[in-house]
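# Breakdown of the fold
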Amino acid sequence: MLPEGDFLFDGFDTRTLQTDRGAIHARVGGSGPPLLLLHGYPQTHLMWHAAAPLLTDRFTVVATDLSGYGDSLRPAPAADHAPHSKRAMAVDQIQAMAALGYERFAVAGHDRGGRVGYRMALDHPARVTALSVLDIVPTAEVWARANDRLALVYWHWGFLAQPAPLPERLIAGDPDAYLDHHLRSIGLGSEPGRYPQAVMATYRARLADASAVEAICEDYRAGATVDRELDEADRGRLIECPVLVLWGTRGALGPLYGDVLAVWRSWARDVRGREVEASHFLVEDRPEEVASELAGFFEGR
């Protein structure tokens, strides 16, 4: 377990929540209706370090590490990649929330966490009261609309999904270069004063951890296979709970998909949202603005 900046979550309890597949690492703080915060690639729950405390006066905030990430369980890889599917990861999070006594809760997820969140809302609609997805469109839409621009801008989707152990070995050759030349290019660490040294050091350390990189690659392999198949099977079904979509002006969603809300309206009954002046990593770039949007959307739901 890495020392992941306890000082950044002052007032939060650190919890180890047991599920059928293993332990989910969580920070829990605040009071009020439960709100589950899920992170993206290549981060951990630390991406919420500035936004989460701004929500604790209205919600019981639970910020977790996704399965395969941070200090949460590491699923064993399988040929069909199902252990790393968003369906399986969603069940882990539902069981973690149940371990805290919460059967119904709101969810906000960035990037990979958003994919876990919307799969949870599709598979377990009775569990999710409201959902916010941050800087994503559904996985099936990514692949159905893939073109030369995606191949150049979001090339890591295809790279990380390559059969093992190719991407794992290439990243292991120079994990610092991978972070500096790929992740920084899409905004990680680019906003001055928003990325504490302890946070960036943790992200770097995770990319030097072979088991963490394997889990990341399996996550993306699942995205290219089982997650895509599950989404395609659900085309025409609509998420029943209200959905808030936020995305960064300096991210890829606008250039790749144009009307982002229109994409989501074919997946959910009640969709609202807007862009935020930020990179793909909008929660870390603009924590106050994102927290304000989330609080206004989730309050009373």
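In short, a report on the structure. Note that the coordinates shown come from a computational prediction; the quantities given were computed from them, not determined experimentally.

A word on the overall build of the protein. The helix and strand inventory of the protein stands at 14 helices and eight strands. Since a compact globule built from 301 residues should have a radius of gyration of about 19 Å, the 17 Å found for the protein is in line with a globular shape. Overall, the protein is about 45 × 45 × 40 Å in size when its C-alpha atoms are taken along their principal axes. Residue burial in the protein is summarised as follows: out of 301 residues, 59% are buried. Taking as baseline every contact in the protein between residues at least 6 positions apart, the subset at least 24 positions apart corresponds to 77%. As presented, the protein carries roughly 11200 Å² of accessible surface, and 51% of it is formed by carbon and sulfur atoms.

This next bit is on the pairing of strand 4 (residues 60-64). Of all the five residues making up strand 4, five are buried; the element is thus mostly covered by neighbouring parts of the structure. Pairing of strand 2 (residues 22-30) with strand 4, which is carried by five bridges, proceeds in the antiparallel orientation. Across the sheet, residue Arg 27 finds its bridge partner in strand 4, namely Ala 63. Across four bridges, strand 3 (residues 34-38) lies against strand 4 in parallel orientation. Within strand 4, the position partnered with Leu 36 by the bridge is Val 62.

This part is about the sheet that holds strand 1 (residues 13-19). Pairing is mixed in the open sheet, where eight strands are placed in the order 1-2-4-3-5-6-7-8. Both outer strands of the open sheet, strand 1 and strand 8 (271-276), are each paired with one neighbouring strand and no more. Recorded for the sheet is a direction-independent mean angle of 20° between the axes of neighbouring strands. This element, helix 1 (residues 86-99), spans strand 1, strand 2, strand 3, strand 4 and strand 5 (105-110) of the sheet and lies at about 120° to strand 1. Strand contacts of helix 2 (residues 112-123): strand 3, strand 5 and strand 6 (128-134), with the helix running at about 145° to strand 5, the strand carrying the most contacts.

Counting across every chain of the model gives four cavities of 30 Å³ or more. By volume, the largest cavity amounts to about 90 Å³. For the largest cavity, the lining is made up of 14 residues, of which Arg 115, Val 142, Tyr 154, Trp 157 and Leu 253 are closest to its centre. With three residues, helix 11 (residues 253-257) is the single largest residue contributor to the lining of the largest cavity.

Bringing the packing of aromatic side chains into the picture now. Following the criterion strictly, the structure yields nine aromatic pairs and no others. Taking 5.7 Å as the distance between ring centres and 70° as the angle between the ring planes, the aromatic pair formed by Trp 143 and Trp 157 counts as edge-to-face. Separated by 14 residues along the polypeptide, Trp 143 in helix 3 (residues 139-144) and Trp 157 in helix 5 (residues 156-160) bring together distant segments of the chain. When the centroid spacing of 5.8 Å and the interplanar angle of 90° are considered together, the rings of Trp 157 and Tyr 220 count as edge-to-face. One end of the pair, Trp 157, is in helix 5; the other, Tyr 220, is in helix 9 (residues 210-224), and 63 residues separate them in sequence. Accessibility expressed as a relative area gives 1% for Tyr 220, which makes it buried.

Moving on to the packing of helix 6 (residues 166-173) against helix 9. The interhelical angle for the contact between helix 6 and helix 9, taken along N-to-C directions, is 140°, at an axis separation of 9 Å. Taken together, the axes of helix 6 and helix 9 lie oblique to each other. Relative to helix 9, helix 6 is oriented so that their crossing is right-handed. On helix 9, the residues that touch Pro 167, Glu 168 and Ile 171 of helix 6 are Val 213, Glu 214, Cys 217 and Arg 221. Taken together, the residues that form the contact of helix 6 with helix 9 break down as four nonpolar, no polar and three charged.

Orientation of helix 7 (residues 175-183) relative to helix 8 (residues 197-207), taken along the N-to-C sense of each, is 120°, at an axis distance of 8 Å. As far as their axial angle goes, helix 8 and helix 7 are oblique. Handedness of the helix 7/helix 8 crossing: right-handed. Note on element contacts: helix 8 touches helix 7 through Met 200, Tyr 203, Arg 204 and Leu 207, opposite Pro 175, Asp 176, Tyr 178, Leu 179, Asp 180 and Leu 183. In terms of residue class, the contact of helix 7 with helix 8 is made up of seven nonpolar, no polar and three charged.

About the cut-offs
- Residues numbered from 1 in each chain as written.
- Predicted model: local features only at pLDDT ≥ 70, side-chain atom pairs only at ≥ 80, totals over all residues.
- Heavy atoms only, no water.
- Helix = DSSP H or I, 4+ residues; strand = E, 2+ residues; numbered from the N terminus.
- Rg over C-alpha atoms; globule rule 2.2 N^0.38 Å.
- Buried < 20%, exposed > 50% of the residue type's maximum accessible area, 1.4 Å probe, protein only.
- Contact = heavy atoms within 4.5 Å.
- Areas by Shrake-Rupley, 256 points an atom, 1.4 Å probe, with all protein chains shown as cover.
- Pairing = 2+ DSSP bridges.
- Axes fitted to C-alpha atoms, helices over the stretch in contact; angles between N-to-C directions.
- 1 Å grid on protein atoms, 1.4 Å probe; cavity = no way out; pocket = protein on both sides within 12 Å on 5 of 7 lines; lining within 4 Å.
- Points joined across faces, edges and corners; volume = space filled by probe spheres on them.
- Phe/Tyr/Trp six-rings, centres within 6.5 Å; stacked < 30°, edge-to-face > 60°.
- Parallel < 35°, antiparallel > 145°, perpendicular 65-115°, else oblique.
- Left-handed = near helix turned anticlockwise from the far one by under 90°.
- Nonpolar A, V, L, I, M, F, W, Y, C, P; charged D, E, K, R; others polar.

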